[in-house]
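An overview of the molecular structure
Chain residues, written in single-letter form:
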Amino acid sequence: ATPETEIGINCPAAFTECPGQINAVLNNADFGIEGLRSYLRDCGAETDDGIIVQDFNGDSAVELMVLYADPFAGEDATAGDMILFSFSDSGFIETFRARADGKVSLIDAADINEDGQADIVFADTTCGASTCFDTIHLRSWDGTEWVNWTDSDISMAYADYNLDDVSDAGQGKEIVLEGGIY
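Nothing here was measured: the structure is a model prediction, and the numbers come from that model.

So, on to the packing of aromatic side chains. Two measures describe an aromatic ring pair: the distance that separates the ring centres and the angle between the ring planes. Counted under the stated rule, the structure contains four aromatic pairs. Between Phe 87 and Phe 92, the ring centres sit 5.1 Å apart and the planes meet at 70 degrees, which makes this aromatic pair edge-to-face.

Right, here's the structure in full:
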């Protein structure tokens, strides 16, 4: 049996059940964001900056981003995911999920390339026995869905990454990675 939480909803029995459970907590009017925070903590899925409320897609309505850890991963493992929810007449609906292989970290959520559309940039960090790799993902809001910005994955071992305007060509900021030594 899975442990019951402070809000009375059992923790998921498997990591794959987390998105459905998070959605159920969000769509229960009795809990709200503090209830979700309590649920994630009680289930061992809470992360730093795990709940972010802001207008992610530029439609003047706030969305809810939830970053959470895999409570079933080993103590040294880094695994988790990120879900973006919009609010509709029928409650919260998932509009994007990272479907990460490792730990998810939000790098930025803004109009990175200055094209007038909202962007989400996040890292997916996976670690093996001796090496960690960071894969940087970029998604841009096209007015109906979050689309991939890049042709292929941008990955590097032990990367230090940031966004900076380092090129005279193009517009906005570029992804800057340094590292790769292991």
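Enumeration over the complete set of coordinates arrives at two salt bridges. Here Glu 34 ties to Arg 37 by a salt bridge, and the two come within 3.4 Å at their closest N and O atoms. Residue Glu 34 and its partner Arg 37 are located together in helix 2 (residues 32–42), separated by three residues, close to a single helical turn. What makes Arg 37 partly exposed here is its relative accessible area of 29%. The partner of Glu 94 in a salt bridge is Arg 97, with the nearest N and O atoms 3.1 Å apart. Judged by relative accessible area, Arg 97 falls into the partly exposed class, the value being 21%.

Below, the discussion takes up unusual backbone geometry. With phi around 70 degrees, Ser 60 is a residue other than glycine that occupies positive phi space. For Ser 60, a relative accessible area of 73% gives the class exposed. Located in the positive-phi region is Tyr 158, a residue other than glycine, with phi close to 45 degrees. You can see Tyr 158 is positioned in the loop between strand 9 (154–157) and strand 10 (160–164).

Conventions adopted
Residues numbered from 1 in each chain as written. Predicted model: local features only at pLDDT ≥ 70, side-chain atom pairs only at ≥ 80, totals over all residues. Heavy atoms only, no water. Phe/Tyr/Trp six-rings, centres within 6.5 Å; stacked < 30°, edge-to-face > 60°. Salt bridge = Lys/Arg side-chain N within 4 Å of Asp/Glu carboxyl O. Helix = DSSP H or I, 4+ residues; strand = E, 2+ residues; numbered from the N terminus. Buried < 20%, exposed > 50% of the residue type's maximum accessible area, 1.4 Å probe, protein only.

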